[in-house]
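Read off the chains here:
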Amino acid sequence: TPVRYEQLLGLMNKLAAAEKDAARYRWIKDNGQLGVGRCGVDWELYFEGPAPDNSAMIERHIDEAMQCK
């Protein structure tokens, strides 16, 4: 079955978003510090930078921090 242009464009957009998410993940992994909490059961990931006002802004703050390194 032939692929329509709109389907191909949608897949390309999803791939670009996935590549950006992967770059953010690698940046967090490379620039974060892992901490162990209570009795080794909990864990936290820290990285320096401005705290986002809400979770919707996390990606923007990571993108800005990635530009500085």
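In case you missed it, the structure is sitting above this.
Cut-offs used in this document
- Residues numbered from 1 in each chain as written.
- Predicted model: local features only at pLDDT ≥ 70, side-chain atom pairs only at ≥ 80, totals over all residues.
- Heavy atoms only, no water.
- Helix = DSSP H or I, 4+ residues; strand = E, 2+ residues; numbered from the N terminus.
- Rg over C-alpha atoms; globule rule 2.2 N^0.38 Å.
- Buried < 20%, exposed > 50% of the residue type's maximum accessible area, 1.4 Å probe, protein only.
- Contact = heavy atoms within 4.5 Å.
- Lys, Arg positive; Asp, Glu negative; His and termini not counted.
- Charge placed at Lys NZ, Arg CZ, Asp CG, Glu CD.
- Expected span 1.5 Å × (residues − 1).
- Patch = residues over 30% accessible without salt bridge, like charges linked within 9 Å, V, L, I, M, F, W, Y side chains within 5 Å.
- Areas by Shrake-Rupley, 256 points an atom, 1.4 Å probe, with all protein chains shown as cover.
- Salt bridge = Lys/Arg side-chain N within 4 Å of Asp/Glu carboxyl O.

What about the overall build of the protein?
Phase 1 of the analysis: Helices and strands together make up the secondary structure of the protein, namely two helices and two strands.
Phase 2 of the analysis: In summary, the protein has a C-alpha radius of gyration of 17 Å against a globular reference of 11 Å for 69 residues, an excess of more than 25%.
Phase 3 of the analysis: Taking the principal axes of its C-alpha atoms as reference, the protein extends roughly 55 × 30 × 20 Å.
Phase 4 of the analysis: Scored against the burial criterion, the 69 residues of the protein give a buried share of 14%.
Phase 5 of the analysis: Residue pairs in contact within the protein that sit at least 24 positions apart in sequence constitute 33% of those at least 6 positions apart.
Phase 6 of the analysis: Seen as two clouds, the 9 positive and the 11 negative side-chain charges of the protein have centres 5 Å apart.

A few points about helix 1 (residues 5-31)
Phase 1 of the analysis: The end-to-end C-alpha distance of helix 1, which contains 27 residues, comes to 39 Å, matching closely the 39 Å that a straight helix rising 1.5 Å per residue would cover.
Phase 2 of the analysis: Among all positions in helix 1, only A23, R24, W27 and I28 are buried.
Phase 3 of the analysis: As for helix 1, its buried residues are in contact with strand 2 (43-46) and helix 2 (58-68).

Quick word on a nonpolar patch on the surface
Phase 1 of the analysis: Side chains of V3, Y5, L8, L9 and M12 sit close together on the surface and give an oily, nonpolar patch of about 520 Å² of accessible area.
Phase 2 of the analysis: Within the element layout of this structure, L9 appears in helix 1.

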